[in-house]
Amino acid sequence: KKFTGDGEDLSPSISWDREGIPKKTRSIAVTCEDPDAPVGTWFHWIVYNIPPEAKGLEENLAKKPVLKDGIKQGSNDFRKIGYNGPAPPRGPIHHYNFKVFALKDKLSLKPGCDKKQFYRAIEGKILGQGKITGVYQRH
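Residues numbered from 1 in each chain as written. Predicted model: local features only at pLDDT ≥ 70, side-chain atom pairs only at ≥ 80, totals over all residues. Heavy atoms only, no water.

Take the sheet that holds strand 6 (residues 94-103) next. Strand order across the open sheet formed by 5 strands is 5-3-2-6-7, with antiparallel pairing between neighbours. Single-partner strands in this sheet number two, and they are strand 5 (72-73) and strand 7 (126-136). With 7 bridges joining them, strand 2 (residues 27-34) and strand 6 adopt antiparallel strand pairing. Note that in strand 6 the partner of Ser-27 across the bridge is Leu-103. (Pairing = 2+ DSSP bridges. Helix = DSSP H or I, 4+ residues; strand = E, 2+ residues; numbered from the N terminus.)

Bringing the pattern of salt bridges into the picture now. With the rule as written, the count across this model stands at 6 salt bridges. Among the salt bridges present, the one from Glu-59 reaches Lys-2, with a minimum N-O distance of 3.1 Å. Residue Glu-59 is located in the loop between strand 4 (56-57) and strand 5, and its partner Lys-2 is located in the segment before strand 1 (14-15); the two are separated by 57 residues in the primary sequence. Taking the relative accessible area as the measure of exposure, Lys-2 reaches 33% and is therefore partly exposed. (Salt bridge = Lys/Arg side-chain N within 4 Å of Asp/Glu carboxyl O. Buried < 20%, exposed > 50% of the residue type's maximum accessible area, 1.4 Å probe, protein only.)

Turning our attention to the environment of Phe-3. By the secondary structure assignment, Phe-3 is in the segment before strand 1. Excluding residues within four positions of it along the chain, Phe-3 makes contact with Asp-9, Leu-10, Ser-11, Pro-12, Glu-59, Tyr-83, Gly-85 and Pro-86. (Contact = heavy atoms within 4.5 Å.)

Purely geometric numbers; function is a separate question.
This is the structure we're talking about:
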């Protein structure tokens, strides 16, 4: 609950296996997307230019456009920088896809980019990706 709009709304820690990252990776990006939102896929988080040697993101990242090590955050669909967690309407379960992208370049996007700008920027740059899905439901 602490990672949701019904709780503290903290970003969760995300980790990945360094051995699974392609050797030519120059940066890593992470998104959190809800494909079950009534208005179409809803973005809860966009983080990019994570150094390739990183093993993950710590819990409760600051909701700032630029973080340590040059990590940048985009605007989510709440029109805020950083992470805002699940806050679905009452009803069926929503799925929250946390996607990790290994990219062959750093992104030249300005902090605060939106999902369209982000996905345009990573086109042709994805060396590998992974996904883990969490679920949340309001009764």
